[in-house]
Amino acid sequence: MAKQMWELKQSTQADTLDLFIYGDIEDITIDWTTWSIVESENSAKFFKEALAAHPDVKQINVYVNSPGGYVMEAMAIRNQLKRHSANVTGYVDGFAASAAAFVLTGCDQVKMYSNTMQMIHNALNIAMGNAKELRKAADDLDAIMVGNRKAFLEKSGGKLTEEKLIELLDAESWLTAEQCLEYGLADEIIVEEKDLTAAKQMLQKMNTSIEQQLSYNKAMAAQLRELAEPPKEPDPVPPVPDPVPDPVPDPDPAPQENKTLKFINALMR
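Residues numbered from 1 in each chain as written. Predicted model: local features only at pLDDT ≥ 70, side-chain atom pairs only at ≥ 80, totals over all residues. Heavy atoms only, no water.

A. Quick look at the pairing of strand S5 (residues 59–66). A large share of S5 lies buried, amounting to eight of its eight residues. Residues Gln59, Asn61, Tyr63 and Asn65 of S5 are buried on one face, and the alternating residues Ile60, Val62, Val64 and Ser66, pointing to the opposite face, are buried as well. Pairing geometry for strand S2 (residues 16–22) and S5, over seven bridges, is parallel. Bridge pairing in S5 links leucine 17 to isoleucine 60. Across seven bridges, S5 lies against strand S6 (residues 87–97) in parallel orientation. Paired with asparagine 61 across the strands is threonine 89, a residue of S6. Chirality of the crossover, the property in question, places the unit of S5, helix H2 (residues 71–83) and S6 among those that are right-handed. (Buried < 20%, exposed > 50% of the residue type's maximum accessible area, 1.4 Å probe, protein only. Helix = DSSP H or I, 4+ residues; strand = E, 2+ residues; numbered from the N terminus. Pairing = 2+ DSSP bridges. Right-handed = clockwise from strand over helix to strand, strands pointing away.)

B. Just H2, in detail. Between its terminal C-alpha atoms H2 stretches 18 Å, which fits the 18 Å expected from 13 residues at 1.5 Å a residue. Those residues of H2 lying buried are Glu73, Ala74, Ile77, Arg78, Gln80 and Leu81. Summarising the axial view, the buried residues of H2 lie within an arc of 160°, below the 170-degree limit, and thus occupy one face. Those residues of H2 that are exposed and angled more than 90 degrees off the buried face are Met72 and Arg83. Packed against the buried residues of H2 are helix H1 (44–52), S5, S6, helix H3 (99–104) and helix H4 (131–156). (Expected span 1.5 Å × (residues − 1). Arc of directions from axis to C-beta. Contact = heavy atoms within 4.5 Å.)

C. Examining the packing of H2 against H4 more closely. Contact pair H2 / H4: the axes reach a minimum separation of 12 Å and the direction vectors enclose 40°. Compared by their axis directions, H2 and H4 come out oblique. For the pair H2 and H4, the crossing hand works out as left-handed. Across the interface between the two elements, Val71, Met75 and Arg78 from H2 touch Ile144, Asn148, Ala151 and Glu154 from H4. Among the residues forming the contact of H2 with H4, the class breakdown is four nonpolar, one polar and two charged. (Axes fitted to C-alpha atoms, helices over the stretch in contact; angles between N-to-C directions. Parallel < 35°, antiparallel > 145°, perpendicular 65-115°, else oblique. Left-handed = near helix turned anticlockwise from the far one by under 90°. Nonpolar A, V, L, I, M, F, W, Y, C, P; charged D, E, K, R; others polar.)

D. A look at the side chain of histidine 121. As for its position among the elements, histidine 121 is in the loop between strand S8 (117–120) and H4. Among the residues examined, histidine 121 registers a relative accessible area of 16% and is labelled buried. For histidine 121, the side chain forms a polar contact with the side chain of serine 98, separated by 2.7 Å. Setting aside its immediate chain neighbours within four residues, histidine 121 contacts Ser98, Met145, Leu169 and Glu172. (Polar contact = N/O pair within 3.5 Å; in protein donor to acceptor, adjacent residues only side chain to side chain.)

E. Representation of the pattern of salt bridges. Scanning the model with the defined rule gives seven salt bridges in all. Among the salt bridges present, the one from glutamate 162 reaches arginine 149, with a minimum N-O distance of 3.1 Å. On the criterion of sequence distance, the pair formed by glutamate 162 in helix H5 (residues 162–170) and arginine 149 in helix H4 is long-range, its members being 13 residues apart. With a relative accessible area of 36%, glutamate 162 lands in the partly exposed category. One salt bridge in this structure joins aspartate 187 and lysine 155, with 2.8 Å as the shortest N-O distance. (Salt bridge = Lys/Arg side-chain N within 4 Å of Asp/Glu carboxyl O.)

F. Focus on the environment of methionine 75. Tracing the backbone shows methionine 75 in helix H2. Overall, methionine 75 belongs to the partly exposed group, its relative accessible area being 30%. For methionine 75 and glycine 147, which are 72 residues apart along the polypeptide, the C-alpha to C-alpha distance reads 9.5 Å. Those residues in contact with methionine 75 that sit more than four places away from it in its chain are Phe102 and Asn148.

Structure below.
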């Protein structure tokens, strides 16, 4: 079972629920030590079941330190928060990157420590296929981003135009707390600085994980290409030439003249 990246627990205050999103947002995960797929508890489904156990809370605090994950899971979590009757406050404890920043758009208020960051970018995917399939994959990503941009624009409260948002998404922008406040992606900056040692370690681990996934994807793609290629015909074996027969000796060869012997005989006469 994958390590749980979020935690639900009852706050010390009555009618308050604290939610911690620390790690990847995903439905399944890969155990890179065995290259096997394992079920993850870091999913929207598991989140929904746990959140349903606390239907009457009035305040939900969401503490985020995450590199992101799958946009479909993040979208479902975001909309669960929007649908809940409680007031939802998001706190950025380190990095709220990619899909984690998208989850924050479901919060009524977002508070960031002065040294924390959000990162936003366009949705991405790994595609493989013929030209028609690759064009469709690009069209699908464009359609996904229509909904994603709406969520960020709603959260910004008019402080972001769609043109500026597209520019930030295209640039894969890391935004400081001050920039997030300017663009309406945060509502308050907490002056106290948060210790980001753990967050930086998590980001380094995320980069290593991405490299491992790329290596895995390249290996899988190479295997698929090998399977798709028709088997090669074996190289033809060159014909073995007929052996050259040994020359047949002349049955009655003419005697060879011995010039030395002839010369001696001549001297003896």
